[in-house]
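Working through the structure, step by step
In case you want the letters, here they are:
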Amino acid sequence: MEKSDIQEIKKFQEQKLQELLIYLENNSPFYQKVFKENNINIADIQTVEDLQKIPTTTKNDIQQNNDDFFCITRDKIVDYSTTSGTLGDPVTFGLSDNDLERLAYNEAISFVCAGIQKGDVVQMITTIDKRFMAGLAYFLGLRKMGASVVRMGPGIPELQWDSIFRYKPKYLITVPSFLLKMIDYAEKHGVDYKNSSIYGAICIGESIKNQDFTDNILSQKIKEKWDIKLFSTYASTEMSTAFTECEHQIGGHQHPELIITEILDDDGNVVQEGESGELTITTLGVEALPLLRFKTGDIVKAHYEPCQCGRNTMRLGPVVGRKQQMIKYKGTTLYPPAMNDILNDFNNILCYQIVIQSNEIGLDEIIIKLSTEQEHETFVNEVRDHFRAKLRVSPKIEIIDFDVLSKTVFNPNSRKPITFIDLR
């Protein structure tokens, strides 16, 4: 489907959209109410452009009406997952047997896109429990495509290296910042990591690219030490779909048989090509909890020029930021990823956390908490100067003991490092 003609893809998606609308009208209490309250006749929605006639759905809608989004009875749910709650309370998602098949298909074609082949050994450095959909999806996708899986789970570099030299995986699936911890452990303990079996890593949860698809600071630091391929991915529980880079690494490819995408401005209009906007998605083929025009909260830029891999689908660039995490600081608009890049530039920061809060007059205030082995005052000035040079802002910086800060950053109940807290 991804290598089909653009018009053929559009025609296919519009057929699937009409099937979805009929399914929602028959089975979704939430969307039945939306159609009724807005006098929407689903027969009037024939094209992707016609979606503009339907109101968008937000995370808040699902949080407040979680049960009304389910389109199947409880006895048909075979797996329960929850979102990670980035913007609030976690939301429950159920998956039917067919939904798990769809999830496996999505990951299988995503991994093929990144170059994984049948028979390759892949080490998963990510949790498969704690109601985490992605970990289960990775396993099901790898199994479907005929790869071998080493389910290691997160953390413990010593154990990861033992497994790498024992089972000789070609790929890792991991949060990219953990690769730096693995490299650090290897260098301190004489592990010959540069001659391991690892060819590449599928990177989840953190950005490794700038908007022009060059390597960001995190990616550069990994590659300076370890000559492996790094592949970007973008996905969410709500989408049950992934956007994964091919070998040309110019954005994550859309799977048109699984998802319809819109990039919207603040007024809900589709942005001009080349402009950033909020990714809004409509899921195709989901049975338990399908979504129609769901606003993800992620600010992204779509790319439509042809890719040398032969896929004709839209590609998503790195996430610019979360819409609700936008910060207005002394006249400058900021998103956390820009601050992450600056902090990742320092080798002697052991861990950090960005805290945003409102001050006594209601303005946004940035506090950077960090742990370092450096002499404090000089280092604080160095970090502050770097912020001024790159972002034209000078946040408050607090040095926190590593043992104290690391417990909040690497919380065992969280699936990824908590490097950003919004207290506004």
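Residues numbered from 1 in each chain as written. Predicted model: local features only at pLDDT ≥ 70, side-chain atom pairs only at ≥ 80, totals over all residues. Heavy atoms only, no water.

**What to know about the overall build of the chain**
What the chain contains, in helices and strands, is 11 helices and 20 strands. Its C-alpha atoms give the chain a radius of gyration of 22 Å, near enough to 22 Å, the size a compact globule of 424 residues would have. For the chain, the C-alpha atoms occupy an extent of roughly 65 × 60 × 45 Å along the three principal directions. Here the chain holds 424 residues, and 52% of them are scored as buried. Just so you have it, the chain exposes about 20000 Å², and 47% of that area is on carbon and sulfur atoms. Counting 47 positive and 60 negative side-chain charges, the chain places the centres of these two groups 2 Å from one another. (Helix = DSSP H or I, 4+ residues; strand = E, 2+ residues; numbered from the N terminus. Rg over C-alpha atoms; globule rule 2.2 N^0.38 Å. Buried < 20%, exposed > 50% of the residue type's maximum accessible area, 1.4 Å probe, protein only. Areas by Shrake-Rupley, 256 points an atom, 1.4 Å probe, with all protein chains shown as cover. Lys, Arg positive; Asp, Glu negative; His and termini not counted. Charge placed at Lys NZ, Arg CZ, Asp CG, Glu CD.)

**A few points about the domain arrangement of the chain**
Domain annotation for the chain reports domain 1 (97-324) and domain 2 (326-422). Taken together, the contact between domain 1 and domain 2 spans 21 residues of the former and 14 residues of the latter. Overall, the association of domain 1 and domain 2 removes approximately 1300 Å² of surface from exposure, summing both partners, and the carbon and sulfur fraction of that is 51%. Ranking the residues of domain 1 by area buried against domain 2 places K130, I217 and K221 at the top, with a combined share of 32%. Linking domain 1 with domain 2 are zero salt bridges, by the criterion used here. Remark: the boundary between domain 1 and domain 2 carries three residue pairs in polar contact (both at pLDDT 80 or more). Considering each element in turn, the side of domain 1 that touches domain 2 owes the most residues, three residues, to helix 8 (residues 217-225). A class-by-class count of the residues in the side of domain 1 that touches domain 2 yields seven nonpolar, seven polar and seven charged. (Domains from an automatic or database assignment. Contact = heavy atoms within 4.5 Å. Buried area = accessible area lost by both parts, 1.4 Å probe. Salt bridge = Lys/Arg side-chain N within 4 Å of Asp/Glu carboxyl O. Polar contact = N/O pair within 3.5 Å; in protein donor to acceptor, adjacent residues only side chain to side chain. Nonpolar A, V, L, I, M, F, W, Y, C, P; charged D, E, K, R; others polar.)

**Considerations on the packing of aromatic side chains**
Across all of its chains, the model carries 12 aromatic pairs by this definition. Centre to centre, the rings of Y31 and F69 are 5.7 Å apart; their planes meet at 90 degrees, and the pair counts as edge-to-face. Here the residue Y31 occupies a position in helix 2 (residues 29-37), and F69 occupies one in the loop between helix 3 (59-64) and strand 1 (79-82), the gap between them amounting to 38 residues. Exposure class is identical for Y31 and F69. Each is buried. By way of ring pairs, the aromatic residues F30, Y31, F35 and F69 are connected into one cluster. The cationic tip of R151 hangs over the ring face of F139; the distance from NZ or CZ to the ring centre is 6.0 Å. (Phe/Tyr/Trp six-rings, centres within 6.5 Å; stacked < 30°, edge-to-face > 60°. Lys NZ or Arg CZ within 6 Å of the ring centre and 35° of its normal.)

**Points about the pattern of salt bridges**
Across all of its chains, the model carries 18 salt bridges by this definition. A salt bridge links K10 to E14; the nearest nitrogen and oxygen atoms lie 2.5 Å apart. Within this pair, K10 and its partner E14 are both found in helix 1 (residues 6-27), separated by four residues, close to a single helical turn. Counted as one network, the salt bridges with shared partners bring together K10, E14 and E49.

**Observations concerning the side chain of K221**
Secondary-structure assignment places K221 in helix 8. As a buried residue without a salt bridge, K221 has its nearest oppositely charged side chain in D345, at a separation of 6.4 Å. At 3.3 Å, the side chain of K221 and the side chain of N347 are in polar contact. Filtering out sequence-adjacent residues up to four positions away, K221 remains in contact with L180, N344, D345, F346 and N347.

**A short note on the state of the cysteines**
Per the stated rule, a full pass over the model turns up zero disulfides. This cysteine, C203, is not joined by any disulfide, and C113 carries the nearest cysteine sulfur, 14 Å off. With relative accessibility at 1%, the residue C203 sits in the buried group. With no disulfide partner, C309 has as its closest neighbouring cysteine sulfur the one in C307, 3.6 Å distant. Judged by relative accessible area, C309 falls into the buried class, the value being 12%. (Disulfide = S-S within 2.5 Å.)

**Brief notes about unusual backbone geometry**
Here the phi dihedral of K130 falls at roughly 55 degrees; this positive angle occurs in a residue that is not glycine. Positionally, K130 belongs in the loop between strand 3 (121-124) and helix 5 (133-145). For R293, which is not glycine, the phi dihedral falls at a positive 55 degrees.

**Re the sheet that holds strand 17 (residues 349-358)**
Across the sheet, which stays open at both edges, the four strands sit in the order 19-18-17-20 with mixed pairing between neighbours. Edge strands, defined here as strands with exactly one partner in the open sheet, are strand 19 (396-399) and strand 20 (420-422). The mean angle between the axes of side-by-side strands here comes to 20 degrees, regardless of whether they run parallel or antiparallel. Inspection of the sheet shows strand 17 paired to strand 20 by three bridges, in the parallel sense. Looking at the pairing, V355 lines up with I421 of strand 20. Contacts from helix 9 (residues 336-344) reach strand 17, strand 18 (364-372) and strand 20, with the element oriented near 150 degrees to strand 17. (Pairing = 2+ DSSP bridges. Axes fitted to C-alpha atoms, helices over the stretch in contact; angles between N-to-C directions.)

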